[in-house]
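Descriptive analysis of the structure
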Amino acid sequence: MIPFFILMRNMYHVLRILFRQDEQKAVMFSVAFLLAVGMFFYHGAEELSYLDALYFSVMTLSTVGYGDIHPVTPIGKIFTMGYVLLGIGVISALIVNFNRALKEFHASKDSAKQKKS
């Protein structure tokens, strides 16, 4: 249980680093915007409930794609092709920024250890 709390404390510090960066705020806004656009589109075009539409949007952007829900209309299929291509770039930027913040956290942790020595 202690390692879990240490992990959560470290994640808190990484998230603090992340949200100090303007680029990360823009990427997070882009992810939220893409999910909202996908949710409303799939709700309207594919006649999914809002929850199912959001679920499908998350599965599509994360490229998991379980296949339990899939687009059946031609416009849904066309939208999904563009949605995936755009989403991969935005999700990749999110991962890159998270990795950058993690490296910054570990570098600051290492420098603090060296100052103590």
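Okay, so let's go over this structure. (Residues numbered from 1 in each chain as written. Predicted model: local features only at pLDDT ≥ 70, side-chain atom pairs only at ≥ 80, totals over all residues. Heavy atoms only, no water.)

For the protein chain, the helix and strand inventory stands at 4 helices and 0 strands. When the helices and strands of the protein chain are read in sequence order from the N terminus, they spell out α-α-α-α. Over its C-alpha atoms the protein chain spans a radius of gyration of 19 Å, topping by over 25% the 13 Å that the globule rule assigns to 117 residues. When its C-alpha atoms are laid out on the principal axes, the protein chain stretches across 65 × 30 × 20 Å. For the protein chain, the proportion of its 117 residues judged to be buried stands at 27%. Put simply, 64% of the contacts in the protein chain that link residues at least 6 apart link residues at least 24 apart. A total of about 8000 Å² of accessible surface is found on the protein chain, and carbon and sulfur atoms cover 71% of it. Distance from the positive charge centre (11 side chains) to the negative charge centre (8 side chains) of the protein chain: 19 Å. (Helix = DSSP H or I, 4+ residues; strand = E, 2+ residues; numbered from the N terminus. Rg over C-alpha atoms; globule rule 2.2 N^0.38 Å. Buried < 20%, exposed > 50% of the residue type's maximum accessible area, 1.4 Å probe, protein only. Contact = heavy atoms within 4.5 Å. Areas by Shrake-Rupley, 256 points an atom, 1.4 Å probe, with all protein chains shown as cover. Lys, Arg positive; Asp, Glu negative; His and termini not counted. Charge placed at Lys NZ, Arg CZ, Asp CG, Glu CD.)

A cluster of nonpolar side chains, contributed by Met-1, Phe-4, Phe-5, Leu-7 and Met-8, occupies part of the molecular surface with about 560 Å² of accessible area. The topology assignment puts Leu-7 in helix 1 (residues 2–18). (Patch = residues over 30% accessible without salt bridge, like charges linked within 9 Å, V, L, I, M, F, W, Y side chains within 5 Å. Salt bridge = Lys/Arg side-chain N within 4 Å of Asp/Glu carboxyl O.)

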